[in-house]
Amino acid sequence: MRVLGVDPGLTRCGVGVVEGVAGRPLTMLGVGVVRTAADDDIAVRLVGIERGIEEWLDRFSPELVAVERVFSQHNVRTVMGTAQASAVAMLCASRRGIPVALHTPSEVKAAVTGSGRADKAQVGAMVTRLLRLSAPPKPADAADALALAICHIWRAPAQNRLQQAVAENRLQQAVARQASAVKGRTR
């Protein structure tokens, strides 16, 4: 599975591509940051992020895009910018028919380090180790993007099994309702 991880942000939007499957060594195919100028108009910045994401999609052809789920913070301005950048990444992927998965920061930290409360340094160190890199990717947004991709690759099999179980349960319930309805009509 090839996953593009996106750590959304208006000034620095981390991007990283990881390939592999759960239980096997993973390979980093690329890592970087899409940057926009803080003094540019918001619309111009969003177009810049779109162009950057599109370039990564063209270059690496991921099967899935994993984006950090925006969570509430005290700084509303930061949350808004992050949400806008996140929406651009989701739009770019969806426009191409590429599935999008959202993961919370604590899910990503727990998947990569074993603790949902890990700090940036711990995440960077584990990404470096898991991908067999010589040094942690800089800035931290780039390492976070790789962590998102790793998280999704590792969690996807379990999520798929859970979704399949839910679908099977719904099917069984529908069959039982249908059987009950037919039984009621024959009386």
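These remarks concern the structure in this document. Computed from a prediction, not measured in an experiment: that's the story for all the values here. (Residues numbered from 1 in each chain as written. Predicted model: local features only at pLDDT ≥ 70, side-chain atom pairs only at ≥ 80, totals over all residues. Heavy atoms only, no water.)

## Examining the pattern of salt bridges
Definition in use: Here, a salt bridge means any side-chain nitrogen of Lys or Arg that lies within 4 Å of a carboxyl oxygen of Asp or Glu. Secondary structure is summarised from DSSP: a helix means a run of H or I of at least four residues, a strand means a run of E of at least two, and numbering begins at the N terminus for each.
This model, assessed by the stated rule, comprises eight salt bridges. The partner of R12 in a salt bridge is D141, with the nearest N and O atoms 2.6 Å apart. Placement of R12 in strand 2 (residues 12–19) and of D141 in helix 5 (residues 140–185) is noted, with a sequence separation of 129 residues between them.

## Describing unusual backbone geometry
A cis amide bond links K138 with the next residue in sequence, P139, at an omega value of -5°. Positionally, P139 belongs in the loop between helix 4 (120–130) and helix 5. Unusually for a residue other than glycine, S61 sits at a positive phi of about 45°. Here S61 lies in the loop between helix 1 (42–60) and strand 4 (64–68).

## Focus on the packing of aromatic side chains
Short version of the rule: Aromatic rings from Phe, Tyr and Trp, taking only the six-membered ring of Trp, are treated as a pair when their centres fall within 6.5 Å; an angle between ring planes under 30 degrees marks them as stacked, one over 60 as edge-to-face, and anything in between as tilted. Think of it in three bands: residues with accessible area under 20% of the maximum for their type are buried, residues over 50% are exposed, and the middle band is partly exposed, with areas taken using a 1.4 Å probe on protein chains only.
Using the criterion set out here, one finds one aromatic pair in the structure. On the numbers, 5.2 Å between centres and 25° between planes, the contact of W56 with F60 is stacked. With W56 and F60 both in helix 1, this residue pair falls four residues apart, about one helical turn. As far as burial versus exposure is concerned, W56 and F60 are alike and both buried.

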